[in-house]
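Here's the letter readout for the chains.
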Amino acid sequence: MKPRILVVEDEPSIADIIRYALATDGFEPVLCRTGTEALTKLAEQAVALIVLDVGLPDTNGFDLFKRIQAHTDTPVMFLTARDDEIDRVVGLELGADDYVAKPFSPRELMARVRTILRRVQKGAPAPASVAPAIAIDDVRRRIHYYGCVLELSRYEYGLLKALAGAPGRVFTRDELLERVWTEPGESFDRTVDTHIKTLRAKLHAIAPQLEPIRTHRGVGYAFADDLPDELTRGS
């Protein structure tokens, strides 16, 4: 089967160029003009790569990227008319696999597409499995909990990474402040408690029957070392 590439581009002339280049190079292009249509297509069929224009009529490409990445690890290449450094930095820091500015050479675009797919086919290192229920991807700064990608702030990510990285170990609030906050001296114990509360809510939404972050009164917090490998729904 030909690798299927989803192209999210609202300019017909650009979309046609990309479609022709992909088809000529042995790929199966699937075209969408809006973010809404792209999400629908992704729900209907799997794709090998997404070429995503930042400027779409119904949404910002960066926002759409976040929504896509919450449900799939499909590689994404940003395509945009804007060549500002800040746009490239934002796209790559969000976790995009590449970034191409318009105008572009179809030959260069295809070379980048093939490079990304080769990298994926070789198999990126598996996320470091910290506990059966949780996996941390340091490269993309993502944490999966029972297969679901958690939407985490910078500090929530740091806290959960520290706790889940040593299941069963009790961390004091001071230890967590030093590990996670850049300038812990300007933070307070209550800061840790507040972020732990929001973390628990996000974990609870996925597995309400479990208590992964446990409080040790007078000491601090620990990540459970006895979580089940799989969720039992409805229990």
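Predicted, not measured: the structure shown is a model, and the values here were computed from it.

1. Digging into the side chain of K102
Then, number 1: Mapping K102 onto the fold places it in the loop between β5 (98-101) and α5 (106-122).
Then, number 2: At a separation of 3.0 Å, a polar atom in the side chain of K102 contacts the side chain of E9.
Then, number 3: Reaching out from K102, the side chain makes a polar contact with the side chain of E11 at a distance of 3.2 Å.
Then, number 4: Excluding its chain neighbours within four sequence positions, the residues that come into contact with K102 are E9, E11, I14, D53, L79, T80 and A81.

2. Details of unusual backbone geometry
Then, number 1: Cis rather than trans, the peptide bond between K102 and P103 has omega equal to -5°.
Then, number 2: The residue P103 is located in the loop between β5 and α5 in this model.

3. A closer look at the sheet that holds β5
Then, number 1: The five strands are arranged β2-β1-β3-β4-β5 in an open sheet whose pairing can be described as parallel. Looking at the sheet topology across the chains shown, the edges are occupied by β2 (28-32) and β5. Sheet twist, expressed as the average angle between the axes of neighbouring strands with direction ignored, equals 20°.
Then, number 2: Both strand β3 (residues 49-53) and strand β4 (residues 76-80) contribute to a ladder of four bridges, which runs parallel. Within β4, the position partnered with L52 by the bridge is F78.
Then, number 3: Running over the sheet, helix α1 (residues 12-24) touches β1 (4-8), β2 and β4 and is turned about 165° from β2.

4. Description of the pairing of strand β11 (residues 213-216)
Then, number 1: Sheet topology note: the β11/strand β12 (residues 220-223) ladder contains four bridges and is antiparallel. Across the sheet, the residue bridging to I213 is F223, located in β12.

The rules behind these values
Residues numbered from 1 in each chain as written. Predicted model: local features only at pLDDT ≥ 70, side-chain atom pairs only at ≥ 80, totals over all residues. Heavy atoms only, no water. Helix = DSSP H or I, 4+ residues; strand = E, 2+ residues; numbered from the N terminus. Polar contact = N/O pair within 3.5 Å; in protein donor to acceptor, adjacent residues only side chain to side chain. Contact = heavy atoms within 4.5 Å. Pairing = 2+ DSSP bridges. Axes fitted to C-alpha atoms, helices over the stretch in contact; angles between N-to-C directions.

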